[in-house]
Every structure is written in structure tokens, then in C-alpha cells.
Amino acid sequence: MLPHGVVAPKQRRTTYHPSQWSRTSFEASSSDLFGTSKFCFIALLIAIPSFLLGTTVSLYAGVDCSSKLVPGGSNSGGSSSSSSNNMNNDLIERRVQQLLKEREEVLLSKHTELVKKMVEERVKEECANAIGGGNAGVMVDSTTIGNMVAGMAITPKSNFTELIDLGVPLDKIKTGSTHVLILYSQGRAMPTAIQEQSLKQTFVPEVSHTEALENCDYLNVQLVDHSKSRKQCLALVPQYESYHLQKWMRVPVKANGFHGSLDRKQPLRLVSRGLNGKAKEEFPPPGKGVTERAFAMLKTYLNSLDDVKKDLKDLIQNGLKPYNDKVIIVMVCNFGQSELLMNFVCHARSKNFDTSSVLVFATDTETEDLAKSLGLAAYYDERNFGHIPSEAAKRYGDNRFTAMMVAKIVCVQLISHLGYDFLFQDVDILWYKHPLSDYFVKPGHWTEKYDAIFQDDGGHSVRYAPYSANSGFYYVRHNDRTRSFLNTLLMSSDIIIQTDSHQQAMIAILNEHVSLYGLRVKVVSRDEEDMPGGYQWNMKSGSYMKAFFSGEIKPLIFHMSWTMNKDNKIKYFQQMGAWHVEERCIAKRKNEISGAASSNELTSTCCSVEPIFKCHYRDKPSVHPCKDSPPIDAGRSSFW
């Protein structure tokens, strides 16, 4: 059965009569059987007389029958002579048994070596036929799939992924998934060592990563689940080439067209890649109402695009200072999140980091005033942001949260459209090194060869496969590939509204553009030290955060992701020893902050030079022990 919607090519039918198959198989097997039996019979015919002759000669040559060997000898009387004879008989019997054992071992050893040699020669011959495209191949039958697979090899995953940078955050290597399996479409694509038969592996030989790919002109890579939790099959279909994966599952069809839970009694059916075994659909198609909301937003945006671009050009010329005249740090904030924006600035100032390249897209006038008073460049556009609530989201994925997610894709698309590189970051991020001068724009830095670099979200679920890119911290270089990616993301805002996730839509489109345009993407793995976030904060072992508090680890940034809401973020920052906002400035508009009404510099009024530490939860990381505080998660022990 061909993939759904694919036209089957015409084929020539070859009919095999059952009797032909049976007779051929019987003749082949009979020939092998009689040949082996004949060989064994001749070997035994030669071995048995040799064995008997050798035993007799060795026996009499190796046993001294002189009475001198037995105390008393022939001169000691009849009793002694009888005893001596018995002892000699015992000696002869032991010698016979010893020689029998030695001869058996020699014969068995010679027979084993001979059989081993015969097997090696046969396997070598059949492997040569397989590699050369013969009909008797061990690996493949060239008459059935020889145009698609001529052979295979394995190579260590760690070495392979060093040579072939997949861009994704790599899973830790564990038993059962230590190697990469490579299939070769023809013998000439296979490693030269295998072609020359210089390796002795009899099936799926292991070669080095450089040897594995030395003759490959093309390489298609498929990332495959290796959790052993699924009864999964992979089908390679010789067909008009596709760069997408089709997913089929044994599931029932519901009345609304969606699918139910995994049911092994059902036939295999084509499903969304976001469907799991419990009927959870991570990628439901946007409904009509969602599409209409997205169209209305896009209509407003496109109608105002020229005016907004003019406003931003004026702002860049008269206030904002792009780093090296080409990089802008983009943030989006509403009044409900303003304390986190303030903490970012206060923390950066405490470490003497330059924030003159930061542009805040404010979604209300209150935030615009606060941002400017913190010394940041800020822009508010009522046409595009006037409908966004000024309150903070109560939880991840609610309507306020989703509205802010849509605003985030508008902002980065605008900056890209103006021709700038940019770093986008959420307001719940703190710098421990300057992300531009010490990392993304550092001369000779490894990031130079990529179009886009992302923090790893840490949640490696089907929603975020395969990149798990965090949409709250990423760097993008301006070029045709990235501009197209951001344009497509903007035009897919209905996916964001439908899934309540900016990140989910971004990764899906990211994956498509990597395939379609060769977009060069790198996600910094959660197992590296540079970009910690909610994954590290919530690790049960606490190993990362303890190393962080001790100064053993010095990351680029810290992102307080994976939290329910703003209130938790503030408490965690306080407990982390990274909160710098005075209480009198929290949840206050500029004109409500004492002493700030007539000043454009809020940092002196609201920023504490030293971090403000408070304990809240004993089971969450803290720079100082909080053992007397309650846990936020029931039953969890103290972090310390």
C-alpha cells in the first residue's frame, strides 16, 4: 500500500508457481545438506583409523612396563607381583583415558576450525554478492529493493552528529541507541573498506563516521523515536521522493473526523503528526472563527505597515542604538509584566551591562512610559496593540497570554523587514554575560555559521518536535531565508490562536523552512550550561542550580520559564537571589511611584543594587536554605 494520496506506478508482474519455489528451495537445501554430510563422512573415515593407530602407539610408547616402576618388582614374590600388575593395569587405564581425552580435544578443535573457515568463506562470498548486486545477498535481495537499498552500516551517533550538525538538541546516548544506521542506495555509495571487503563483519558492519559517509553524494536524515515505548515500524517505499514523514496509527475515526485512542483492532489510518496514543491532538486545524480573528489582525497590520516602519526608522535614528549598527534586542511587554521588565533592567545595571540596543514594544501606554523611564527605547502602536489586555496572564495559554504571543511575532517580523539582525527575549530573562558582545556577535564565535540560534525549551514532547526551540530567547540574522521564515510565521497566526502557543507554531514552521530553504538552525541543548531555564530550575536532582549557586557554572542568561504566572516568577527570582526591584515599584504606573513623577530615570528609585532575597518554597532552588518554608508541590522535600 502506497502513502496516502500517492499514485502507484505501473509494474510488471512476475508470477512464481508454488511448485517452482518449493522445488528450487528443496534442491538448494538438499545440495547443501548432502555436500556437508559427504564432507563429514570422509573426515570421520580418515580420523577414526588415525585415532586408533595413534592411541595404540602412544599407549605403548608412553607406558613403562618395567617392573622397576612398581615397588617390589618381579623379585618380591607372587603377592608383590600380583599387586604390581594391578598397579600397572591402573596406570595403563589412566593413560588410555588421558590420551582419549586429548585426542577428542584435538579432533574437536580441528573440526571447529574447519567449520568456522567454511562459514567465513561462505559469508564472505554472499556479502560480496550482496555488495556487488548479486541475487544471493545476505543483506538485501537486489531483485526486490536493490535500487533503493544495496547495503547498510552503523556508525557511532556521537561522532556522526559532530560531523553532521542536525541543529536539534541531541538526546543523551544510552544503550540501544548508541549508533546511527545508514542505508546505501548502491554499492558505490558504501564505504570503500566494505566495497573492498577488508572488514570481517558479516552483517551491518560498523565503520567510522568519516568512512560511513565518504562515498555519499546525498544524505537524507530521519530522526526516529528510540524510547521503546511504541510498537513502531518504518517503511521505505521506492517512489517519487518526499521530504515529509507520513504517520499512520491503528485508531478509530470519530464522528467529527478526529481520531480516537490507539486500538490494535483498528486498521492503520493516516493521522496528524501531533496525535498521541491517548487521542490527544496537539495540532488541530484552526477553526473558522480562529481564521477570521487572524485575518482581522493581519488586515490591520498590513494596512498600517508603511506607517509603522516609518515610526521605527525615526526611533532608530533618534534614540535607539543598534549594536554595531546592525543588531537590535527586541522585547515585548504589557503593564501586567512590567515588574519583570524592571527587574531585567535593574539586574543588568547591577552588572554594568549596556542596554542601549534594547527596543521594547509596549502594548499599552503605561508600559511605554515605564520603559522610557528605565532608559530604554520604547514603541507603542495603538492600531496593532490597542486590543491587547494590559493585565498579566493568569496562566500559560490563556487569552491574554495568546494575545501577547501574537504581538511577539509582529515585532520580530517588523525588525526583520527593516533589515536588522535581532535578539528576541522575554522579560523574565536575566543576563550573566552580555548576549551580544560575549556571545552572538563575538568575533569568531561558533554561532556565526547559523541563521538562527535558540535556547532549548527542555520539554521534548511531540508538540515541539524536533527542535524544542524556546520562543522566548533566540537570535536571528537577517537574510532571505530568515525573512521568509518570519513572514510565514506571521501569516500563520491562526495556528498560534488555535494552539495557544507561539512556540508550537514557530517550531512547526521552522522545521518546514529547514527542509524547504535550508534554513540553518541551531538549538543550544538543555544539557549544555549556556542557557538554563525552567528545565534546570525544576530538575529533581537540583544539580544544575546547586552548581550555579556555587559559581561552578557561569551561564550566558537565565530564563525563568516553565512557571504558572508572573507571581511565581517574582517569588522564584527573589528566592534565587536575583530580584532587584523595590517593593514600592511593583505593579505601579510611573505616576504612582513616589519620587518618579518628575524624573525619567526610574532605576535610582526602583532598583536595589543588592538582590532582595526572600524564601517562599523549600522545594524550589534557593541561594540560601529555605527549609522552614512550605513546598509548592505537595510531598516534595527541601532543595537543600
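Computed from a prediction, not measured in an experiment: that's the story for all the values here.

Caption draft 1: Representation of the overall build of the protein chain within the structure. On a plain count of helices and strands, the protein chain comes out with 19 helices and 13 strands. Within the protein chain, the fraction of its 640 residues that count as buried is 41%.

Caption draft 2: Structural context of the sheet that holds strand E6 (residues 358-362). Across the sheet, which stays open at both edges, the seven strands sit in the order E7-E6-E5-E8-E11-E10-E12 with mixed pairing between neighbours. Two strands bound the open sheet, and with one partner strand each, they are strand E7 (377-379) and strand E12 (521-524). Between one strand axis and the next, the sheet turns by 30 degrees as a mean value, whatever way the strands run. Bridge count between strand E5 (residues 327-333) and E6: five bridges; the pairing is parallel.

Caption draft 3: Expanded view of the state of the cysteines. Going through the model one piece at a time under the given rule, you end up with three disulfides. Through a disulfide, Cys585 is tied to Cys606; the S-S separation comes to 2.0 Å. Between Cys585 and Cys606 the sulfur-sulfur dihedral comes to about -85 degrees; the bridge is accordingly left-handed. Linking Cys585 in the loop between helix H18 (566-576) and helix H19 (603-606) with Cys606 in helix H19, this pair joins segments that are 21 residues apart in sequence. The exposure class of Cys585 is buried, given its relative accessible area of 2%.

Caption draft 4: Representation of H18. The element H18 is largely enclosed, with a buried count of nine among its eleven residues. Residues of H18 that are buried: Lys566, Asn568, Lys569, Ile570, Tyr572, Phe573, Gln574, Gln575 and Met576. Against the buried residues of H18 lie helix H8 (338-350), strand E9 (429-431), helix H16 (534-537), helix H17 (543-550) and strand E13 (557-559). Looking one or two residues beyond H18, the residue adopting positive phi is Gly577, at roughly 80 degrees.

Caption draft 5: Expanded view of empty space enclosed by the protein. Taken as a whole, this structure holds one cavity of 30 Å³ or more when the rule is applied. Around the largest cavity, the lining residues are Tyr301, Val308, Tyr379, Asp381, Asn384, Phe385, Val410 and Leu414. Counting only elements with at least two residues in the lining of the largest cavity, the list comes to helix H7 (288-318), helix H10 (382-385) and helix H11 (399-417). Each residue belonging to the lining of the largest cavity can be placed in one class, and the counts come to six nonpolar, one polar and one charged.

Reading guide: rules and limits
- Residues numbered from 1 in each chain as written.
- Predicted model: local features only at pLDDT ≥ 70, side-chain atom pairs only at ≥ 80, totals over all residues.
- Heavy atoms only, no water.
- Helix = DSSP H or I, 4+ residues; strand = E, 2+ residues; numbered from the N terminus.
- Buried < 20%, exposed > 50% of the residue type's maximum accessible area, 1.4 Å probe, protein only.
- Pairing = 2+ DSSP bridges.
- Axes fitted to C-alpha atoms, helices over the stretch in contact; angles between N-to-C directions.
- Disulfide = S-S within 2.5 Å.
- Contact = heavy atoms within 4.5 Å.
- 1 Å grid on protein atoms, 1.4 Å probe; cavity = no way out; pocket = protein on both sides within 12 Å on 5 of 7 lines; lining within 4 Å.
- Points joined across faces, edges and corners; volume = space filled by probe spheres on them.
- Nonpolar A, V, L, I, M, F, W, Y, C, P; charged D, E, K, R; others polar.

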